[in-house]
Amino acid sequence: MGASSWDLIVAGAGPAGAAAALEARRLAPEARVLLLDRERFPRDKACGDGIGPHAAGELAELGAGSVLDGYPPIRRLRLRAPGGIEAAGASAMPSWVVPRKVLDARLVEAAVGAGVVLRQERVRRLEQRDGLVIVNGELAAPAAIGADGANSTVRRLLGAPSSPEHRTAIALRGYAPAPPEPPEQLIGWVAEGWPAYVWSFPTGTGLVNVGYGLLRSRLHGGGRAELERRLRTLLPGLDPDPASLRAHHLPFSPSRPLAGRGRVLLCGDAACMVNPLSGEGIYYALASGRLAARASLLAPGRPGPAYRALLTVALGRHFRHAAVLGRAIRWQPLACAALAAADSSPARFQRLVELGLGQARITPALLASVLAGWRTRRR
Ligand SMILES: Cc1cc2nc3c(=O)[nH]c(=O)nc-3n(C[C@H](O)[C@H](O)[C@H](O)COP(=O)(O)OP(=O)(O)OC[C@H]3O[C@@H](n4cnc5c(N)ncnc54)[C@H](O)[C@@H]3O)c2cc1C
């Protein structure tokens, strides 16, 4: 083996890349897997830190459930919409809130513990020839995975366009001391910049992650200062530490995310897989990372078609329905009707939670719920 020859090269060691690397070693314990990241871990990442039930399920499947240790499960959830509409309750399955500085470092550590080779290196060049992917001119593998986030270099090097303005959100997050009440996750749609939202996610360890996000096109040139002003106004009483404020893009998923080109597969934010209803991206990053690793190792001759097939089975319907729903909620009365319906029925509340935290599905029951909420609002 030449020093630069690998079975799989993964670019980016966030949840998507770390999951891909871990899954590769799980499937093929002898596989030579190289995980590259431009940063040294632990490193911060702008995020709400919310780990939904499906993401927790992916972590368990990876044998990495312990990355959540020390952070209590949180069941209480409050959803809010303009006009004083609220729905609150215990979600059927718990969520966790683990700061990304902790979560990502733990995942990378798990990958290294499983035999993955981690190297601090920025991906700058990519070529595909003779059945190999050559990274930075000197690292070669039959397949490579681009998991390098929302502003993916790998995606750009493949010649693929970045997420278009109308499907890209920007969000600012910070950490504040947690209020004394029992921990409860709050997700509130707000009129300022509609469709826009605030959140407050308690870690259960004395901190609360607060944030505000909206479509980039709705910020109308107002920059970071405007995001910060809205965050402080819309979540009064929760005072984030200015040093903890950090903003980043969220590439919302289209109905068919680009899975890669040739022997280079894209996953997580690099493939634009963020749920447009909730801004959740960690679940899709973990799930797609695992599928990309599976395709790379089990179908080394044709990883691209194999990955596309796996993605279609696992998430194809979700992406199609989420794209439709993501456009639908741009109409404020519809979103308010859905939430009003959730307030009056625990079953509808669970359905709405499931839409944002996992598998978005347009079902007859969902349509009936929205209609019911519509009627309630008109009375
Ligand atoms: C403010 C905000 C709040 C959010 N809240 C939530 C939430 O509560 N729950 C949720 O599920 N999702 C949330 N998301 C979305 C979530 O953060 C992303 O979907 C998730 O991080 C995607 O993981 P990833 O591994 O694809 O990319 P990333 O986590 O962005 O990781 C990419 C990695 O690639 C590395 N990298 C980048 N370029 C290169 C390069 N050229 N060479 C080598 N390495 C490179 C980076 O250093 C980084 O470590 C939020 C996003 C934002 C911006």
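See above for the structure.
Residues numbered from 1 in each chain as written. Predicted model: local features only at pLDDT ≥ 70, side-chain atom pairs only at ≥ 80, totals over all residues. Heavy atoms only, no water.

Engineer: Tell me what's going on with the site of the ligand, and back it up with residues and numbers.
Structural biologist: In the vicinity of the ligand, 38 residues are found, and the nearest of them are Asp37, Gly48, Arg100, Val123 and Asp269. Here an oxygen atom of the ligand and a backbone polar atom of alanine 16 are 2.9 Å apart. Interatomic distance of 2.7 Å between a backbone N/O atom of glycine 48 and a nitrogen atom of the ligand. Against a free-state accessible area of 1,000 Å², the protein chains account for coverage of 96% of the ligand. (Near = heavy atom within 4 Å. Polar contact = N/O pair within 3.5 Å; in protein donor to acceptor, adjacent residues only side chain to side chain. Areas by Shrake-Rupley, 256 points an atom, 1.4 Å probe, with all protein chains shown as cover.)

Engineer: Would you mind going over the layout of surface pockets in detail, with residue names and values included?
Structural biologist: Approximately 460 Å³ is the volume found for the second largest pocket. The class makeup of the residues in the lining of the second largest pocket is 22 nonpolar, three polar and one charged. (1 Å grid on protein atoms, 1.4 Å probe; cavity = no way out; pocket = protein on both sides within 12 Å on 5 of 7 lines; lining within 4 Å. Points joined across faces, edges and corners; volume = space filled by probe spheres on them. Nonpolar A, V, L, I, M, F, W, Y, C, P; charged D, E, K, R; others polar.)

Engineer: A description of the sheet that holds strand β8 (residues 132–135) should follow, citing residues and the corresponding values.
Structural biologist: In space, the three strands of this open sheet follow the order β7-β8-β9, with antiparallel pairing throughout. Of all strands in the sheet, those with a lone pairing partner are β7 (126–129) and β9 (139–141), marking the two edges. The sheet shows a mean angle of 20° between the axes of neighbouring strands, direction not considered. The sheet contact formed by β8 and β9 spans three bridges and is antiparallel. Directly across from isoleucine 134, in β9, lies its bridge partner alanine 140. (Pairing = 2+ DSSP bridges. Helix = DSSP H or I, 4+ residues; strand = E, 2+ residues; numbered from the N terminus. Axes fitted to C-alpha atoms, helices over the stretch in contact; angles between N-to-C directions.)

Engineer: So what's going on with the nonpolar core? Residues and values would help.
Structural biologist: In this structure, Ile9, Ile51, Leu68 and Tyr307 are the most contacted members of the largest nonpolar core, which totals 72 residues. Of all the elements, helix α6 (residues 282–298) adds the most residues to this core, at eleven residues. If we ignore the near neighbours within four places in the chain, the residues touching tyrosine 307 are Ala259, Leu265, Leu266, Cys267, Met273, Ser288, Leu291, Ala292 and Ala295. (Core = buried A, V, L, I, M, F, W, Y, C linked by side-chain atoms within 4.5 Å. Buried < 20%, exposed > 50% of the residue type's maximum accessible area, 1.4 Å probe, protein only. Contact = heavy atoms within 4.5 Å.)

Engineer: Now, about the side chain of asparagine 136: what can you tell me, with residues and values included?
Structural biologist: One can find asparagine 136 in the loop between β8 and β9. Here glutamate 121 takes part through its side chain, which lies 2.7 Å from a polar atom of the side chain of asparagine 136. In terms of polar contacts, asparagine 136 uses its side chain to reach the backbone amide nitrogen of arginine 124, at 2.8 Å. With residues up to four places along the chain from it excluded, the contact list for asparagine 136 reads Glu121, Arg122, Val123, Arg124 and Arg125.

Engineer: Got a sec to walk through the packing of helix α8 (residues 332–343) against helix α9 (residues 346–356)? Specific residues and values, please.
Structural biologist: Two numbers describe a pair of packed helices, the interaxial angle and the distance between the axes. Two elements in contact, α8 and α9, have axes whose closest approach is 6 Å; the angle formed by their N-to-C orientations is 135°. Considered as vectors, α8 and α9 are oriented oblique to each other. Where α8 approaches α9, its residues Ala338, Leu339, Ala341 and Ala342 are matched on the opposing element by Arg348, Phe349 and Leu352. (Parallel < 35°, antiparallel > 145°, perpendicular 65-115°, else oblique.)

Engineer: Quick rundown of the pattern of salt bridges? Include the residues and the values.
Structural biologist: Across all of its chains, the model carries 22 salt bridges by this definition. For arginine 229, the salt bridge goes to glutamate 226, with nearest N and O atoms at 2.9 Å. Here glutamate 226 and arginine 229 lie together in helix α5 (residues 224–234), a separation of three residues that amounts to about one turn. Residue glutamate 228 is joined to arginine 232 by a salt bridge in which the shortest nitrogen-to-oxygen separation is 3.4 Å. Of the two residues, glutamate 228 and arginine 232 both sit in helix α5, four residues apart, roughly one turn of that helix. The partly exposed category is assigned to glutamate 228, whose relative accessible area is 24%. (Salt bridge = Lys/Arg side-chain N within 4 Å of Asp/Glu carboxyl O.)

Engineer: Explain helix α1 (residues 15–27) to me, using residue names and the numbers behind them.
Structural biologist: The end-to-end C-alpha separation of α1 is 18 Å, in line with the 18 Å expected for 13 residues at 1.5 Å each. In terms of residue burial, α1 counts as a mostly covered element, since eleven of its 13 residues are buried. Taken together, the buried positions of α1 are occupied by Pro15, Ala16, Gly17, Ala18, Ala19, Ala20, Ala21, Leu22, Glu23, Ala24 and Arg25. On its buried face, α1 sits against β1 (8–11), β2 (33–37), α3 (100–113), β10 (144–146) and α6. (Expected span 1.5 Å × (residues − 1).)

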